[in-house]
Amino acid sequence: MAFIIAGILFFNPEDGALTHTETGESIKLTITAARLLDNILRSDAQLLSRETLLKEVWDDHGFQGSNSSLNQYISILRRSLAALGLSDVIITVPKAGFRINPAVSVARLAPPHADIQRAEEPAQAAPVRSRQGKAQTVLVSLLLLVSAAGAFYLAFQPDIFHSFRLFHDRLNDECSVVFMKDIDGKTRNAAMKNISAILNENKGECGKNQRIIFDSNDSFTTHSAGRTLLSICTTGKSNQTSSCDNFFYNNRKSG
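Being a predicted model, the structure only gives us computed values, none of them experimental. (Residues numbered from 1 in each chain as written. Predicted model: local features only at pLDDT ≥ 70, side-chain atom pairs only at ≥ 80, totals over all residues. Heavy atoms only, no water.)

Asker: Now, about the sheet that holds strand β6 (residues 90-93): what can you tell me, with residues and values included?
Answerer: If you trace the three strands from one edge of the open sheet to the other, you get β5-β7-β6, paired in antiparallel fashion. If you trace the sheet from one side to the other, it starts and ends with β5 (48-49) and β6, each paired once. Contacting β6 and β7 (97-100), helix α3 (residues 67-83) crosses the sheet at an angle of about 145° to β6. (Pairing = 2+ DSSP bridges. Helix = DSSP H or I, 4+ residues; strand = E, 2+ residues; numbered from the N terminus. Contact = heavy atoms within 4.5 Å. Axes fitted to C-alpha atoms, helices over the stretch in contact; angles between N-to-C directions.)

In structure tokens, the structure reads:
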């Protein structure tokens, strides 16, 4: 499961990528940092005790954690989020644990991967569709100072993060398309046709103040055409993502 944080950051727990949806700036977290952020985002702003996080992030995966290591990784997450424009996302509750700031919206997106399709399922499954609520505005009055501090930190921590970017195109004059990975011209043209077909099938459209996020993953077997994610997102006044309609296809054949 992937997440949109405060309408402007896309987080994919599978590869640890934390990406600004507008600028394409990205930080790739370590496995432990990504696992910790995933647990916190899944909590629905509920309090998570230190004991719970140490168990789910370290113990359950065969590692030994401590309060010191938990504090260190919380600090890493805060610096990473701040470097991409979001501060005060993770709140410390003294002598209790941590939680997401209730003022920060967390929207869940359809997962890029799913369990292997059962044999009795049809060749092309219907899309799974979900609706995410409108993101609340997050004030970042010290954005420039925080970004500079984050950049300074990253410059001296090359072993913790590395950057990658999203890839942008346009479906029409008003609708932009964001691809989660780089693809060649032929594959991109096929993806555009696939996007148009999905929109037509679901009576959807993408126009002013909207963007499409698209990703398609090849199958690991010869019995499936892979998995496709398409999100039709509305953008707010600052051109940040505010809500998305998500369509997830398992074994969709394009073309």
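Asker: Would you mind going over the pairing of strand β8 (residues 106-109) in detail, with residue names and values included?
Answerer: Side chains of β8 alternate between two faces, with A107 and L109 buried and V106 and R108 left unburied. The pairing of strand β1 (residues 2-5) with β8 spans four bridges and is antiparallel. When the bridges of β8 are listed, F3 appears paired with R108. (Buried < 20%, exposed > 50% of the residue type's maximum accessible area, 1.4 Å probe, protein only.)

Asker: Account for empty space enclosed by the protein, naming residues and giving values.
Answerer: Inspection of every chain in the model, using the stated rule, returns one cavity of 30 Å³ or more. The calculated volume of the largest cavity comes to roughly 40 Å³. Here the residues of the lining of the largest cavity are counted per class, giving five nonpolar, one polar and one charged. (1 Å grid on protein atoms, 1.4 Å probe; cavity = no way out; pocket = protein on both sides within 12 Å on 5 of 7 lines; lining within 4 Å. Points joined across faces, edges and corners; volume = space filled by probe spheres on them. Nonpolar A, V, L, I, M, F, W, Y, C, P; charged D, E, K, R; others polar.)

Asker: How would you summarise the pattern of salt bridges if you had to cite specific residues and measurements?
Answerer: The final tally for this structure, using the stated rule, is five salt bridges. Here R211 makes a salt bridge to E22, at a shortest N to O gap of 1.8 Å. One end of the pair, R211, is in strand β12 (residues 210-217); the other, E22, is in the loop between β3 (17-20) and β4 (26-28), and 189 residues separate them in sequence. A relative accessible area of 4% means that R211 is categorised as buried. Overall, the relative accessible area of 28% leaves E22 in the partly exposed class. A salt bridge links D169 to R188; the shortest N-O distance between them is 3.5 Å. Within this pair, whereas D169 is found in strand β10 (residues 167-170), its partner R188 is found in helix α5 (residues 185-201), the two being separated by 19 residues in sequence. The partly exposed category is assigned to D169, whose relative accessible area is 27%. A relative accessible area of 15% places R188 in the buried class. (Salt bridge = Lys/Arg side-chain N within 4 Å of Asp/Glu carboxyl O.)

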